[in-house]
Amino acid sequence: MTSARPGRLRLGDRVRFQGHTYTVVGLTGMRVRLADTHGTGMLVDQVHLQSAEDFAVLGAGNRTALGSAALLERLPGPVAARALWWQRHLVELLTGLPPDAPAGVRVKPEYDPACRSLAQRERAKAAELVALGEEVTARTVKRKRQQYEAGGIAAVVDHRLAPHASLVGRADSRVVAAIRQTIGESVPASTRTIEHARWRTERILEAEHGLGVVEMPSRPTFYRLFDKLSHGVHVTGSARTRRSLADQPEGPFRYESVAAPSELMQIDSTPLDVLVRLDHGVPGRVELCALIDLATRTVAAAVVRPTTKSVDASLLLARALTPEPMRPGWVQALAMSRSVLPHRRLLTLDERLEHAAARPVIIPETIVCDRGKAFISDNFRSACRTLEITFQPCHPRSPAEKPHIERTLESVASLFCQFFPGYLGRTAEHRGRDVEDEPLWSMLEIQEFLDEWLVAKFTDRRSSDTCSELRRFIDYMSVTACWGRCCSSSGWSHGPARPPGRWTGREVVSEAGPRRCSRVGDAGFEVGDTPVLEVEVGAGCLWPW
């Protein structure tokens, strides 16, 4: 008997007995339970085992693993065969002989543990496998050997194809189907307790399979099963959250990435969180309807109305297409001529910009909106067709498809509305007492304040969320600075003449300049001081400008 530890056996030891290799999986008194590479077990007296002529301890317990070969029965044939193929080579690398070696076979010199180190045997095994046509290295063999020693044959299996434990365990599939139906019915309904879900599951089983045919699990078992199946659905939580999660799109999904002003814009309306004084001095709420540009986060226009109608949505387009005039009482610093916008170049396109406020003028190319009646109306669609604007409605109940306008409207509530008397808070939980008794502003006065605030405060906000396509050059810029930079980076120039009153967005917001050719090198080229992005660079390429 040759053993690194004569007379001692531990769990996990690999031993040679009667011409085969076994693993010690149990020790009970003077008896030893062995298991071969296929998981077949046998109980042997320790004295009989150690007195056998070919008995030898081939590996220590701290370097071997108790991997279950029963996993191979549930795997596809090629995957299981590949795992057994690796096991044969790894056992030969560790012990010197493959597990199916006949009695009396001599150990190969390159795999003899007594003469070769483990690293030498790994390099020899890698060379042998390469000679057989396998693309492996000594590093791969080492990794497989470590996995085998840590987890047995189950560790060398491709676990992406291995079966996984069921979420519901051994529960009756009919009960699981009934619980899933109950969870699906709870999405549009009001929130109820888990006891109602258990009662509803019983009714579904009785209706589909008959009374008493399917046995209901005990109450604790049902609670555990229901908790696993309803995880993340909020069946007993907020009904609003439950419906919002159910309306989310299935992945993978992505957001559009834009870099040019007017390329993609979003429109939406929401109740304003401020009470206003309506006709005859009656306090009431109004709605805010806004249009934003995704490339620069510019609020192109915003109107306050008692209720958003199709004519209000069309009015919003008209306000976005025309310059914002300076109002009496506004400081001169709000004029476009005092801002970072390219006022002189834009003035050659529209003389009305001479007395305009510092708000960009943008004609949309594509408008994304929800399915509100004001936006899908024939009036608003007709206005989009007249201005050659692509109309793109979202899917029903899908606010995630236009998150930018949703977040912008929330910002207006937190940055603008809360400074007015009559502020209601975002929910009834955040609302104070006797808000309607406070001195309230009229709707027209709120509109005047909103127009001034958008020019004075919102367009001057500095945010890393704006102008995402230019972050590699400028990480933190205001909305107006981002708009001016995007005009240059997108490569817009003065286009051909069009009939009066029929200008496109490219002409209204373009920077007029002479037409010239610029040579594009490996570092790109610049328009003024602005680098141009996303161009195809080639040797001797001429870019018309």
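Per chain, the residues get numbers from 1 upward, laid out in the order the sequence is written. Under the rules for a predicted model, residues below a pLDDT of 70 receive no local features and side-chain atom pairs below 80 are neither given nor counted, while totals for whole chains, interfaces and linings still include all residues. Side-chain numbers come from the whole structure's heavy atoms, not from hydrogens or water.

Trainee: Help me understand the overall build of the chain, please; the structure alone is not making it clear to me.
Mentor: A run of H or I in DSSP counts as a helix once it spans at least four residues, and a run of E counts as a strand once it spans at least two, with each numbered from the N terminus. If you tally the helices and strands in the chain, you get 15 helices and 16 strands. Per-residue burial for the chain yields a buried fraction of 42% across its 545 residues. For accessible areas, the Shrake-Rupley method is used with a probe of radius 1.4 Å. Any residue's cover is judged against the shown protein chains and nothing else. With an accessible surface of roughly 30500 Å², the chain has 51% of that area assigned to carbon and sulfur atoms. For the exposure calls, accessible area comes from a 1.4 Å probe over protein chains only, and a residue counts as buried if that area is under 20% of its type's maximum, exposed if over 50%, partly exposed in between.

Trainee: Explain helix H6 (residues 194-209) to me, please; I cannot follow it from the model alone.
Mentor: Owing to its 3.6 residues per turn, the α-helix aligns residues three or four sequence positions apart on the same side. When the terminal C-alpha atoms of H6 are compared, their 22 Å separation across 16 residues agrees well with the 22 Å that a helix rising 1.5 Å per residue should span. Residues of H6 that are buried include every one of Ala 197, Arg 198, Thr 201, Ile 204 and Leu 205, and no others. Relative to the axis of H6, the buried residues are bounded by an arc of 120 degrees and lie together on one face. Where H6 is buried, its residues touch helix H5 (173-186) and helix H7 (219-229). Here, expected helix span is obtained from the residue count minus one, scaled by 1.5 Å. Working note: the arc is built from the helix axis to C-beta atom directions. Between two residues, a contact is recorded if the distance between any of their heavy atoms is within 4.5 Å.

Trainee: Honestly, the packing of aromatic side chains in this entry has me stumped. Any pointers?
Mentor: The relation between two aromatic rings is expressed through the spacing of the ring centres and the mutual angle of the planes. Two aromatic rings, drawn from Phe, Tyr or Trp (for Trp, its six-membered ring), form a pair once their centres lie within 6.5 Å of each other, and the interplanar angle then sorts them: stacked below 30 degrees, edge-to-face above 60, tilted otherwise. Under the criterion given, the structure shown has 10 aromatic pairs. Ring centres 4.9 Å apart and planes at 85 degrees place the aromatic pair Trp 441 and Phe 449 in the edge-to-face group. We classify Phe 449 as partly exposed; its relative accessible area is 31%.

Trainee: Would you mind showing me how to read the packing of H5 against H6 here?
Mentor: Packed helices, taken two at a time, are described by the angle between their axes plus the distance between the axes. Where H5 meets H6, the axes come as close as 9 Å, and the angle between the chain directions of the two elements is 120 degrees. Taken together, the axes of H5 and H6 are oblique relative to one another. Here the hand of the crossing between H5 and H6 comes out right-handed. Two secondary-structure elements touch here, H5 through Arg 174, Val 175, Ala 178, Ile 179, Gln 181, Thr 182 and Glu 185 and H6 through Ala 197, Arg 200, Thr 201, Ile 204, Leu 205, Glu 208 and His 209. Polar here means any residue outside two lists: the nonpolar Ala, Val, Leu, Ile, Met, Phe, Trp, Tyr, Cys and Pro, and the charged Asp, Glu, Lys and Arg; Gly therefore counts as polar. Residues that form the contact of H5 with H6 fall into these classes: 6 nonpolar, 4 polar and 4 charged. To define axes, lines are fitted to C-alpha atoms, for helices over the stretch in contact only, and angles between the resulting N-to-C directions are given on a 0 to 180 degree scale. An angle counts as roughly parallel when it lies under 35 degrees, as roughly antiparallel when it exceeds 145, as roughly perpendicular when it falls between 65 and 115, and as oblique in every other case. Crossings are assigned a handedness: left-handed for a near helix turned anticlockwise from the far helix by less than a right angle, right-handed for a clockwise turn.

Trainee: Honestly, the pattern of salt bridges in this entry has me stumped. Any pointers?
Mentor: In a structure, side chains of opposite charge can pair up when their charged atoms sit close to one another. One speaks of a salt bridge when a side-chain nitrogen belonging to Lys or Arg is within 4 Å of a carboxyl oxygen belonging to Asp or Glu. With the rule as written, the count across this model stands at 23 salt bridges. A salt bridge links Asp 268 to Lys 402, with the nearest nitrogen and oxygen atoms 2.9 Å apart. On the criterion of sequence distance, the pair formed by Asp 268 in strand E6 (residues 265-277) and Lys 402 in the loop between strand E10 (390-393) and helix H12 (403-415) is long-range, its members being 134 residues apart. Each member of the pair Asp 268 and Lys 402 is classed as buried.

Trainee: I tried to follow the sheet that holds E6 on my own but got confused; where do I start?
Mentor: Backbone-to-backbone hydrogen bonds join strands into a sheet, with any given pair of strands oriented parallel or antiparallel. Two strands are counted as paired when DSSP detects at least two bridges linking them. Here we have 5 strands laid out as an open sheet, ordered E8-E7-E6-E9-E10, and mixed in their pairing. A single partner strand is all that each edge strand has here, and the edge strands are strand E8 (299-305) and E10. Taking each pair of neighbouring strands and ignoring which way they run, the sheet shows an average axis angle of 30 degrees. Here E6 pairs with strand E7 (residues 283-293) via 10 bridges, running antiparallel. Counted as the bridge partner of Gln 266 is Ile 292 from E7. Packed onto the sheet, helix H9 (residues 310-321) meets E6, E7, E8 and strand E9 (366-369) and runs at close to 145 degrees relative to E8. The sheet contacts of helix H13 (residues 443-456) involve E6, E7 and E8, and relative to E8 the element is tilted by about 165 degrees.

Trainee: Hey, could you run me through unusual backbone geometry in this one?
Mentor: In terms of backbone geometry, most residues other than glycine have negative phi values and most peptide bonds are trans. A positive phi angle, close to 75 degrees, is found at Ser 262, a residue other than glycine. Relative to the assigned elements, Ser 262 resides in the loop between helix H8 (239-246) and E6. Exposure remark for Ser 262: the relative accessible area of 0% places this residue in the buried category.

Trainee: Help me out: how do you make sense of the nonpolar core in this one?
Mentor: Only buried residues count toward a nonpolar core. Its members are Ala, Val, Leu, Ile, Met, Phe, Trp, Tyr and Cys residues joined through side-chain atoms within 4.5 Å. Core analysis: the largest hydrophobic core is formed by 29 residues, its most contacted members being Ile 267, Leu 291, Leu 316, Leu 317, Ile 367 and Phe 380. The set of elements that each furnish at least two residues to this core consists of E6, E7, E8, H9, E9 and helix H11 (378-386). Among the elements that line this core, the one with the most residues is H9, at 5 residues. In this view, Leu 317 contacts Leu 291, Pro 364, Ile 367, Phe 380, Ala 383, Cys 384, Leu 387 and Ile 389; residues no more than four positions away in its chain are not counted. Core analysis: the second largest hydrophobic core is formed by 28 residues, Val 258, Val 368, Ile 405 and Phe 416 among them.

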